[in-house]
Amino acid sequence: MDFNAVYQTKVDYLQSGLTTLIKNRSGHPTLLKAIEYSLHSGGKRLRPVLFLSAYELACQNNTNNNIRIRDNAVLAMACALEMIHTYSLIHDDLPAMDNDDYRRGIPTNHKVFGEAMAILAGDGLLNLAYEVMLEHIPKESELLFRYVKALLIIARSAGISGMISGQSADIENQGKPLCEDTLHYIHTHKTEALITASLQAGALLGHDSPELFNAVTGYGKALGLAFQITDDILDITGDIAQLGKNTGKDEKLGKQTYPARYGLERSKNLARKYIYQAVSYIDVFGVKAEFLKVLALNILNRKH
Ligand code: GRG
């Protein structure tokens, strides 16, 4: 398997969906420009790629799938995940939060469009995510049930049970003494929750199988933590040009991070441990889960 080629195919597929879904929207021109600026600014597209991969894995395991969910409903959900993620980055970069000037190698949304417009672009993207998912609700009752269940999983992971609470804890604990429980809470809520939800939602759309759902859940939880630990590490060791954002911010802001709590070497070992744990959850699917397995292993060497 050519991992990079397969990854790029999924990114291109997502990009086609994002372009189509945004193209004919009516809205205030400046707002739409601000939204498109961040939505089309690159990024790894990790959450939709995980979602699509879990969906494909589930479809391969579904031997009696008579009714198949329509491709454009699957694509809409993948796009919605990226919209939610992009909104969170726009808001995270605001002066009131992390006050960042660069993201994905270009000036942050508020640096280009101003603070008020960046807030609105984030609000618009979050709302649009739910609009596009609701616009593509399947009509067949069995699929409808699974689709709504997946939508609820995403909503919860992005909301006060997940990412927003993680961000809240992150902000509140800046500059405070490091605390293991707080650190774990922030990382699981801010980062891991949406990553796990992406996998769970994809799996649910492909096959109603508790075994598969549990496997991707275990994979997502471990992968999500490892992803955030490597993010913490890259903030210290990363190359600004490759990262596309400034480094050294976590220490400056007194953030609760793994390297601050455990040191760099121990953090690297912990990331490795979680990645192997992630892989162990999907090993049972053999070659069908090869892509997800390589993706996990690649996180250990990621440069951005
Ligand atoms: C504002 C509600 C709200 C939440 C913000 C996502 C987030 C929560 C903050 C961004 C800052 C940060 C370091 C978050 C941890 C998650 C993370 C590593 C985000 C960056 O995700 P990538 O690396 O970004 O997938 P790209 O640019 O590749 O999409």
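Small disclaimer: the values here were computed from a predicted structure and weren't measured. (Residues numbered from 1 in each chain as written. Predicted model: local features only at pLDDT ≥ 70, side-chain atom pairs only at ≥ 80, totals over all residues. Heavy atoms only, no water.)

Caption draft 1: The arrangement of the overall build of the protein in detail. For the protein, the count of helices and strands is 15 helices and two strands. Relative to the globule expectation of 19 Å for 304 residues, the C-alpha radius of gyration of the protein, 19 Å, shows essentially globular dimensions. In terms of principal-axis extent, the alpha carbons of the protein reach across some 55 × 45 × 35 Å. Across the 304 residues of the protein, 53% fall into the buried class. Residue pairs in contact within the protein that sit at least 24 positions apart in sequence constitute 76% of those at least 6 positions apart. Carbon together with sulfur atoms contributes 54% to the accessible area of the protein, which is approximately 13,700 Å² in total. Both charge centroids of the protein, one from 32 positive and one from 33 negative side chains, sit 1 Å from each other. (Helix = DSSP H or I, 4+ residues; strand = E, 2+ residues; numbered from the N terminus. Rg over C-alpha atoms; globule rule 2.2 N^0.38 Å. Buried < 20%, exposed > 50% of the residue type's maximum accessible area, 1.4 Å probe, protein only. Contact = heavy atoms within 4.5 Å. Areas by Shrake-Rupley, 256 points an atom, 1.4 Å probe, with all protein chains shown as cover. Lys, Arg positive; Asp, Glu negative; His and termini not counted. Charge placed at Lys NZ, Arg CZ, Asp CG, Glu CD.)

Caption draft 2: Quick look at the site of the ligand. Taken together, 18 residues sit near the ligand, with Lys 44, Arg 47, His 85, Arg 104 and Gln 228 positioned nearest. Separating an oxygen atom of the ligand from a side-chain N or O atom of His 85 is a distance of 2.8 Å. At a separation of 2.8 Å, an oxygen atom of the ligand approaches a polar side-chain atom of Arg 104. When the free accessible area of the ligand is taken as 690 Å², the share hidden by the protein chains comes to 93%. Elements with a contribution of two residues or more to the shell around the ligand: helix 4 (71–92), helix 8 (163–172), helix 9 (180–206) and helix 10 (210–237). If one sorts the elements of the shell around the ligand by residue count, helix 4 sits on top with six residues. (Near = heavy atom within 4 Å. Polar contact = N/O pair within 3.5 Å; in protein donor to acceptor, adjacent residues only side chain to side chain.)

Caption draft 3: Focus on the nonpolar core. Formed by 46 residues in total, the largest nonpolar core has its most connected members in Phe 51, Ile 69, Met 77, Met 83, Ile 84, Tyr 147 and Leu 205. Elements supplying a minimum of two residues to this core: helix 1 (3–23), helix 2 (29–39), helix 3 (46–61), helix 4, helix 6 (115–135), helix 7 (141–158) and helix 9. Here this core gets 13 residues from one element, more than from any other, and that element is helix 4. Sequence-distant contacts of Leu 205, that is, excluding residues within four places in its chain, are made with Phe 51, Tyr 55, Ile 69, Val 74, Met 77, Arg 146, Tyr 147 and Ala 150. Among the nonpolar cores identified, the runner-up in size contains 41 residues, and Phe 227, Tyr 274, Val 279 and Ala 296 belong to it. (Core = buried A, V, L, I, M, F, W, Y, C linked by side-chain atoms within 4.5 Å.)

Caption draft 4: Structural context of the environment of Asp 101. Looking at the element boundaries, Asp 101 is found in the loop between helix 4 and strand 1 (102–103). Distance in space between the C-alpha atoms of Asp 101 and Lys 245 is 7.7 Å, their sequence separation being 144 residues. Discounting chain neighbours no more than four positions away, the residues touching Asp 101 are Ile 106, Pro 107, Thr 108 and Lys 111.

Caption draft 5: Up close: the side chain of Lys 249. Along the chain, the position of Lys 249 falls in helix 12 (residues 249–253). Within the structure, Lys 249 has its side chain in polar contact with the backbone oxygen of Asp 98 (distance 2.7 Å). Once residues within four sequence positions are removed from consideration, Lys 249 is found in contact with Asp 98, Asn 99, Asp 100 and Asp 235.

Caption draft 6: Main features of the packing of helix 3 against helix 9. Across the interface, helix 3 lies against helix 9 with an axial gap of 7 Å and an inter-helix angle of 30°. Taken as axis vectors, helix 3 and helix 9 run roughly parallel relative to one another. Seen along the crossing, helix 3 lies across helix 9 with a hand that is right-handed. Counted together, Leu 46, Arg 47, Leu 50, Phe 51, Ala 54, Tyr 55, Ala 58 and Cys 59 of helix 3 and Leu 194, Ile 195, Ser 198, Leu 199, Ala 201, Gly 202, Ala 203, Leu 205 and Gly 206 of helix 9 form the full contact between these two elements. Taken together, the residues of the contact of helix 3 with helix 9 break down into 13 nonpolar, three polar and one charged. (Axes fitted to C-alpha atoms, helices over the stretch in contact; angles between N-to-C directions. Parallel < 35°, antiparallel > 145°, perpendicular 65-115°, else oblique. Left-handed = near helix turned anticlockwise from the far one by under 90°. Nonpolar A, V, L, I, M, F, W, Y, C, P; charged D, E, K, R; others polar.)

Caption draft 7: Expanded view of unusual backbone geometry. Positive phi outside glycine occurs at Arg 45, with the angle close to 60°. Here Arg 45 shows up in the loop between helix 2 and helix 3. Arg 45 gets classed as buried once you look at its relative accessible area, which sits at 3%. Of note in the backbone geometry, Asn 99 takes a positive phi value of approximately 55° without being a glycine. One can find Asn 99 in the loop between helix 4 and strand 1.

Caption draft 8: A look at the packing of helix 4 against helix 8. Close contact between helix 4 and helix 8 brings their axes to 12 Å; oriented N to C, the two are set at 20°. The angle between helix 4 and helix 8 falls in the class roughly parallel. Relative to helix 8, helix 4 is oriented so that their crossing is right-handed. Seen from helix 4, the contacting residues are Ile 84, Tyr 87, Ser 88 and Asp 92; seen from helix 8, they are Met 163, Ile 164 and Gln 167. In terms of residue class, the contact of helix 4 with helix 8 is built from four nonpolar, two polar and one charged.

Note that every value here comes from positions in space, so none of it alone points to a role or purpose.
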